[in-house]
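Inside the fold
These are the residues of each chain, in order.
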Amino acid sequence: MIRTSCLSALLTLGIVATAQAQPQNFIISDIRIDGLQRISPGVMFSLLPVSVGDEMEPGLSASIIRAISASQYFEEIELAREGDVLLITVLERPSVSEISISGNRVLKSEDILRNMASADIVEGGIFTRSTLEAIRQGIQEVYSGRGRYGTTVDIEVTDLPRNRVSIDMTVNEGQESRIKDVNIVGNSTYDNDELTGIFDLGVRPWYLPFSRRDRYSSEQLQGDIERLNSWYLDRGFARFNVDNTPVSITPDNEEIYITINVSEGQQYNISRVDLAGDLVNAEPLLRAYTLVGPGQTFSQALITASEEYMTQILGNLGYAFAEVEGVPTINDEDNTVEVIFYVEPGARTYVNRINFRGNVSTADDVLRREMRQLESAPASSQQIELSKVRLERLGYFSTVNVDTVEVPGTTDQVDVMFDVEEQSFGSVSFSVGSGGGGNWFVATDLQAENFLGTGRTVSVGLNRSYFSSSANFSYVDPYFTPDGVSRGFSVFIQKQDSPFNIASFSTTSYGASLNFSYPISEIQQIGYNIGYTHTELTSGGFSVQEIESTPRLIPGVDRYIIRPANTNPWEGPITDAVTGLLSDLPPEYLNLNPDKGFIDKNGTEFDNITFTTNWIRNTLNRGQLATNGTFQQVSFEVTVPGSDLQYYRASYNTQYFKPIYGNDWVFHVRTNLGYGNGYGDTDALPFFQNYFAGGLAYNGVVRGFDENSLGPRSTPPASYSTNLTGLIKDENGNVVVNASGVPQGYDGTQGYLTVPVVDANGQPVLDANGNQQVQLAVQANDIYGDRNSFGGNILTTASVELLFPMPLVTDRSRMRSSLFLDVGSVFSSDCSTRQVQRNSCSGFDAGDLRYSVGVGVTYLSPFGPLTFYLAKPFTKNAQDRKKSFDFTIGAGF
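Residue positions within a chain follow its written sequence, with the count starting from 1. For this predicted model, a pLDDT threshold of at least 70 governs which residues receive local features, and a threshold of 80 or more governs which side-chain atom pairs are given and counted, while totals over whole chains, interfaces and linings are taken from all residues. Water and hydrogen atoms play no part in the side-chain values, which are based on all heavy atoms of the structure.

1. Comments concerning the overall build of the protein chain
Numbering of helices and strands runs from the N terminus, with a helix taken as a DSSP run of H or I at least four residues long and a strand as a DSSP run of E at least two residues long. Across its full length, the protein chain holds 12 helices and 43 strands. For the radius of gyration, the atoms used are the C-alpha atoms, and the globule rule reads 2.2 Å times the number of residues raised to 0.38. Taking 893 residues into account, the globule formula puts the C-alpha radius of gyration at 29 Å, and the protein chain, at 43 Å, lies well above it. When the backbone C-alpha atoms are referred to their principal axes, the protein chain occupies close to 160 × 75 × 65 Å. The 893 residues of the protein chain split such that 43% are buried. Residue contacts follow a heavy-atom distance rule, with two residues in contact if any of their heavy atoms lie within 4.5 Å. Taking contacts inside the protein chain between residues at least 6 apart in sequence as the whole, the part at least 24 apart equals 61%. Accessible area for the protein chain stands at about 45,000 Å²; split by element, carbon and sulfur atoms hold 52% of it. We treat Lys and Arg as the positive residues and Asp and Glu as the negative residues; His and chain ends play no part in the count. In this description, the location of a charge corresponds to atom NZ of lysine, CZ of arginine, CG of aspartate or CD of glutamate. Separation of charge centres in the protein chain, based on 64 positive and 104 negative side chains, amounts to 4 Å. Here's how the labels work: a residue is buried when its accessible area is under 20% of the maximum for its type, exposed when over 50%, partly exposed in between, all with a 1.4 Å probe on protein chains only. For the area figures, the Shrake-Rupley method with a 1.4 Å probe applies, and any residue is considered shielded solely by the protein chains shown.

2. Remarks on the nonpolar core
Side-chain atoms within 4.5 Å link the members of a nonpolar core, which is a set of buried Ala, Val, Leu, Ile, Met, Phe, Trp, Tyr and Cys residues. Grouped together as the largest cluster of nonpolar side chains are 22 residues, with contacts concentrated most on Leu286, Phe298, Leu314 and Phe341. Of all the secondary structure elements, the ones that give two or more residues to this core are strand 14 (269-277), helix 8 (300-316) and strand 16 (336-344). Among residues more than four places away in sequence, those in contact with Leu314 are Val280, Leu286, Tyr319, Ala322, Val324 and Val343.

3. Side note on the sheet that holds strand 7 (residues 95-102)
Only when DSSP finds a minimum of two bridges between them are two strands counted as paired. Here we have 3 strands laid out as an open sheet, ordered 7-9-8, and mixed in their pairing. The two strands at the open ends of the sheet, each matched to only one other strand, are strand 7 and strand 8 (152-160). Strand after strand, the sheet turns through a mean of 15° between neighbouring axes, direction not considered. As judged from the 9 bridges shared by strand 8 and strand 9 (residues 164-172), these two strands associate in the antiparallel manner. In the strand pairing of strand 9, Val157 is matched with Ile167. Between N-to-C directions, angles span 0 to 180 degrees; the directions come from axes that are lines fitted to C-alpha atoms, helices contributing only their stretch in contact.

4. Looking at the packing of aromatic side chains
One pair of aromatic rings is described through two measures. These are the centre distance and the angle between the planes. Pairs were defined over the aromatic rings of Phe, Tyr and Trp, the Trp ring being its six-membered one, requiring ring centres within 6.5 Å. Orientation was assigned from the angle between planes: stacked under 30 degrees, edge-to-face over 60, tilted for the rest. Here the structure, examined in full by the defined rule, presents 27 aromatic pairs. For the pair Trp665 and Phe804, a centre-to-centre distance of 6.1 Å together with 35° between the ring planes defines the contact as tilted. Of this pair, Trp665 sits in strand 32 (residues 665-678) while Phe804 sits in strand 38 (residues 794-804), and the two are 139 residues apart along the sequence. In this structure Trp665 comes out as partly exposed when scored by relative accessible area, which is 35%. Here a set of aromatic residues connected by ring pairs shows up, and it is made of Tyr190, Trp231, Tyr232, Phe237 and Phe240. Definition used: whenever NZ (Lys) or CZ (Arg) falls within 6 Å of the ring centre and also within 35 degrees of the ring normal, the charge is taken to sit over that ring. Lying over the aromatic face of Tyr691, Arg649 brings its terminal NZ or CZ to 5.1 Å of the ring centre. Taking the ring centre of Phe820 as reference, the NZ or CZ of Arg703 above it sits at 3.7 Å.

5. Things to note about the pattern of salt bridges
By salt bridge we mean one thing: a side-chain nitrogen of Lys or Arg within 4 Å of a carboxyl oxygen of Asp or Glu. Using the criterion set out here, one finds 31 salt bridges in the structure. Between Asp111 and Arg114 there is a salt bridge, and its shortest N-O distance comes to 2.8 Å. Pair noted here: Asp111 and Arg114 are both in helix 3 (residues 109-118), with a separation of 3 residues, about one helical turn. By relative accessible area, Asp111 is classed as partly exposed at 34%. Glu392 is paired through a salt bridge with Lys388; the nearest N and O atoms lie 3.0 Å apart. Separated by 4 residues within a single helix, Glu392 and Lys388 lie in helix 10 (residues 381-393), roughly one turn from each other. Accessibility expressed as a relative area gives 15% for Glu392, which makes it buried. The structure contains a network of salt bridges with shared partners spanning Arg272, Asp274, Glu283, Arg287 and Glu338.

6. Description of the sheet that holds strand 19 (residues 413-422)
Taken together, 3 strands build an open sheet; the order of strands is 17-19-18 and the sheet is mixed. The strands lining the two open edges of the sheet, one partner per strand, are strand 17 (350-357) and strand 18 (397-406). Each adjacent strand pair in this sheet contributes to an overall mean axis angle of 15°, direction not counted. Sheet strands in contact with helix 10 are strand 18 and strand 19, and its direction is about 160° off that of strand 18.

7. A look at the confidence of the model for the protein chain
Confidence of the prediction at every residue is given by pLDDT, a number between 0 and 100. On average, the protein chain scores 84 in pLDDT, and the residues at 70 or more come to 91%. Predicted confidence for residues 1-23 stays below pLDDT 50, and this span has 49 contacts to residues more than four positions away or in other chains.

8. A few points about helix 10
End to end, helix 10 covers 19 Å across 13 residues, agreeing with the expected 18 Å (1.5 Å per residue, within 8%). The set of residues buried in helix 10 consists of Ile384, Ser387, Lys388, Val389, Arg390, Leu391 and Glu392. Turning to helix 10, the residues buried within the fold contact helix 9 (364-368), strand 18 and strand 19. Residue Gly395 follows helix 10 closely and has a positive phi angle near 85°. Helix span is expected to be 1.5 Å times the residue number reduced by one.

9. A look at a negative patch on the surface
Only residues whose relative accessible area exceeds 30% and that form no salt bridge enter a patch; like-charged residues are grouped when within 9 Å of one another, and nonpolar side chains (Val, Leu, Ile, Met, Phe, Trp, Tyr) when within 5 Å. Together, Asp278, Glu323, Glu325 and Glu344 make up a region of like negative charge exposed at the surface. One can find Glu323 in strand 15 (residues 323-331). Residue classification places Glu323 among the exposed residues on the basis of a relative accessible area of 55%.

10. Let's talk about the environment of Leu291
Following the sequence through the fold, Leu291 ends up in the loop between helix 7 (283-288) and helix 8. Note: C-alpha distance between Leu291 and Ala305 (14 residues apart in sequence) is 7.5 Å. Discounting chain neighbours no more than four positions away, the residues touching Leu291 are Gln296, Leu302, Ala305, Ser306 and Tyr309.

Listed below in structure tokens is the structure:
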């Protein structure tokens, strides 16, 4: 009989017969297996290298035990013979019923379980104690590599019925050891402070109390060593070497001391640069992108950059698998380096197929028409990358990745595979926000920028808010022609009261427009739009003086009160009123508004045909929440001659994104400039076409201030003071006049109230007869308080932002956070006399710009961009209205 553990060496290679008279060799008549619990006999028999009818020889027992042991199912294996029957008795290893992990925070339980699974210790698997011990040691080593040298891992294995065990792992992570000092030994050219300044690890600065720079990590240390190596190799030290990096820890496991021993060597210059290999008739082009040359200080970074540039050039020529290697040969005698770039272009490759994956809703042809790399054409790295960028700019996809795969069985063909992840491009946009005076607005739009996956944009809007009711429909086909000419149209009807913080008026308008856009390069396009708009303007009962001039004389009332009547004997003698004719008053004492209002000059109903042209240059890397590139737009809108209102508006909008640390920390600048004016019979830009700024106003973003609140303010309406109490008025409050135009109930003893006229010294002004001069009394009706922004024809706003990653957010393509500085305001080159007198309007003055700083967050929700901001405005006067917090759903910043 032979008994052995499955992992021990075989001590006996034969079978001891139960009766010595029986020979050792025998023909196996049967095989019996005892001890099986979970393992089926079929599995067991499949492991055996013998079967019934085979001859059992002395050396065959070792092979049987070895074959069974290799399965790792059994703890013990025993072989015996009973006549011609081979007996195999086994003891199965227990199975793992449950694995529980506690106490771990730094390492996730999923990562620990994944590591255990790689060693075949999983729930339902076979339990091996030696393997579990190796896992315990490995976990401790991982923690040590992260600066937690005091970590202990306790494992308790509990036996369960039916040959099962449970594994309870308790991790005591301990405290993180802190780096107390990093010392570089052997450096003479650069001091320690300069070199450790390029490290991620180091002593924590006193001014960064929350910095994790002093938290040790073996991976980060290795990265710092590579940075140190690159630092020297990029500055000519071709023989630089990091000899060793001993890491010491104090006995209490709290402080770590890192020593980096280096050998600087000498600084080397480049003596010669050459190209070798198959240059595919592109030697001049390849040499133009060689960044190193004789006489330069040796730099490994420039050699690597040259390799990448030349590889890219060859890729653009169709050599998709080209390899370029710059090999430096060091001459220690004269401290020089000879650099030879070995070029191996490989076979010129052609694109077999362009495939797309992940576009569940978007049709293939929508993606394919953005391709600049063509099938059956030479594979060009530049054209493939440009195709990827064009897909990203569509705004339909959150991520776009591209890969080239060699076609099996060929050496000169590749397939190009684009993997895309679609994001929401067709949904109900629900916009919510707040404006001046606590007024809320709600708007709903059904917009599909990729309607039914066709790439066309369809928008239907039905909006109802505090100040607006509208319905609109628009359609845009970006590929009206195969070469990228787009065509679109829109129709709308709208009734709008004055928006938040804007002087009282209302408009009813409807119209339609037709637009075309023509690409002039990969990043530029020119657009044209022609539209018709019918507008009806209503001034309201208390329109500001810039809209409708006030005060106004009441038709038929031609007298003013010199001295009012007295009907109360207790107040003196009863007397009749003393009145005078308005025609006798000097014009200046009528206190008429010297400026006509917009309605006075232009009426209230307009039919306008507008022509708009724009130029766009776009190199942004994404259609939404870009992180790199620029966007510029110049537009010019003008009403054609013959329109009821003749005006023009010119605007310039630009955005600039520049990554400053990876792709997560981005510098962003945005500018919006605008200017408009009238021409021909219209002397100024219509006030309802004015620019506005403040809050999240369209193209006038200055966060921290109330919506539309910056810039010129209107003049409150005014009215004459009268004693016309006996006049008869209709149900609408209008004075009823007779056939002669005289107000009913007007008996000539009533009229306009007056006040004395005084000179600059406060002395009464007398007429030629020595009587006190009077003027009509005017009262202001400032029912809007300070919510009387009027806008202007000059817009200047800008923002400077630092975009940074939100903590705990993994998908940063959908969320943006920023620190911002906003600056801007609105000005007017056509201020009214009353506005100037009230100091409520001015031309452009940099001193009147408003500023704010703050933090903002935008999230691409299924309902559209969700935007929050918290800002600190810097006001210039008491009329500035602050709004430190605001949010919208459906508009980003």
